[in-house]
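# Breakdown of the fold
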Amino acid sequence: MSRVVIYTDGACKGNPGPGGWGVYLRYGEIEKDLCGGAAQTTNNRMELQAVIEALRALNRPCQVDFYLDSEYVRQGITAWMANWKARGWRTADKKPVKNEDLWRILDELLSQSGHAIVWHWVKGHSGDAGNERADALANEGVRQVQTG
């Protein structure tokens with residue numbers, strides 16, 4: 001399997017408000033930047049959307065080192081999602097899972113992908129070059145939404 005390094009980030013100007021997502025992918029010497037956004041969203045939704053778009057960009061099973069600064073997304077994927085599914089997409093206190101629509105898309109992408117993924121947390125705005133690039137792309141996604 002090919003080894004891919006992916007950094008993702010989300011941004012929101014107001015929460016809720018206009019938001020953007022950014023993805024920086026690296027495969028050997030090949031680099032790819034992706035970004036987009038939504039006019040009315042939340043930071044957590046943009047963090048999730050970034051991971052979804054990154055997975056959609058991969059067209060065959062890969063070994064993926066995934067770097068993100070969102071504990072919400074990383075913990076959701078690695079610790080919480082299996083229990084949410086077992087409870088019918090409910091939290092431990094029986095409330096509906098927030099952003100369920102995006103979690104379901106992410107779950108489907110992960111289950112069908114064949115990727116071998118290692119999830120890494122990186123502290124945001126700490127000088128990590130990949131995270132800074134993903135952050136800049138997420139902010140570009142916000143600008144695109146704001147300028148039409």
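Notes on the structure follow. (Residues numbered from 1 in each chain as written. Predicted model: local features only at pLDDT ≥ 70, side-chain atom pairs only at ≥ 80, totals over all residues. Heavy atoms only, no water.)

## A word on the overall build of the protein
Within the protein, the secondary structure is distributed over four helices and five strands. Taken from the N to the C terminus, the helices and strands of the protein come in the order β-β-β-α-β-α-α-β-α. Here the C-alpha radius of gyration of the protein, 15 Å, is about what a compact globule of 148 residues would show, namely 15 Å. With the C-alpha coordinates aligned to their principal axes, the bounding extent of the protein is approximately 45 × 40 × 25 Å. Here the protein holds 148 residues, and the buried ones make up 46% of them. Relative to all contacts within the protein whose residues are 6 or more apart in sequence, the contacts with residues 24 or more apart total 66%. For the protein, the computed accessible surface area is about 7600 Å², with 48% contributed by carbon and sulfur atoms. (Helix = DSSP H or I, 4+ residues; strand = E, 2+ residues; numbered from the N terminus. Rg over C-alpha atoms; globule rule 2.2 N^0.38 Å. Buried < 20%, exposed > 50% of the residue type's maximum accessible area, 1.4 Å probe, protein only. Contact = heavy atoms within 4.5 Å. Areas by Shrake-Rupley, 256 points an atom, 1.4 Å probe, with all protein chains shown as cover.)

## Observations regarding the pattern of salt bridges
Any two side chains of opposite charge can pair, on the condition that their charged atoms come close. Evaluation of the coordinates by the stated rule reveals 10 salt bridges. In this structure, the salt-bridge partner of Asp-33 is Arg-133, at a minimum N-O distance of 3.0 Å. Taken together, the residues Asp-33 in strand β3 (residues 30-41) and Arg-133 in helix α4 (residues 129-147) connect sequence positions 100 residues apart. (Salt bridge = Lys/Arg side-chain N within 4 Å of Asp/Glu carboxyl O.)

## Structural notes on the side chain of Arg-74
Relative to the helices and strands, Arg-74 resides in helix α2 (residues 71-86). Of note is the side chain of Arg-74, whose polar atom sits 3.1 Å from the side chain of Glu-71. Other than its neighbours up to four places away in sequence, Arg-74 contacts Leu-68, Trp-119, His-120 and Trp-121. (Polar contact = N/O pair within 3.5 Å; in protein donor to acceptor, adjacent residues only side chain to side chain.)

## Section: the sheet that holds strand β2 (residues 17-27)
Paired through backbone hydrogen bonds, the strands of a sheet run either parallel or antiparallel to each other. Within the open sheet, the five strands sit side by side as β3-β2-β1-β4-β5. Their pairing is mixed. Unpaired on one side and paired on the other, β3 and β5 (116-121) mark the two borders of the sheet. Each strand axis lies, on average, 20° off the axis of its neighbour in the sheet, ignoring direction. One ladder, built from six bridges, connects strand β4 (residues 62-68) with β5; its direction is parallel. If you follow Tyr-67 over to β5, its bridge partner there is His-120. The strands that helix α1 (residues 43-57) touches are β1 (2-12), β2, β3, β4 and β5; relative to β1, the one it contacts most, it runs at about 155°. (Pairing = 2+ DSSP bridges. Axes fitted to C-alpha atoms, helices over the stretch in contact; angles between N-to-C directions.)

## Some words on the packing of α1 against α2
Where α1 contacts α2, the two axes come as close as 9 Å, and the packing angle between them is 60°. The angle between α1 and α2 places the two elements in the oblique class. Crossing handedness for the pair α1 and α2: right-handed. Here Asn-44, Glu-47, Leu-48 and Val-51 of α1 come into contact with α2, specifically with Tyr-72, Val-73 and Ile-77. Residues belonging to the contact of α1 with α2 are distributed by class as follows: five nonpolar, one polar and one charged. (Parallel < 35°, antiparallel > 145°, perpendicular 65-115°, else oblique. Left-handed = near helix turned anticlockwise from the far one by under 90°. Nonpolar A, V, L, I, M, F, W, Y, C, P; charged D, E, K, R; others polar.)

Keep in mind these numbers describe shape, not what the thing actually does.
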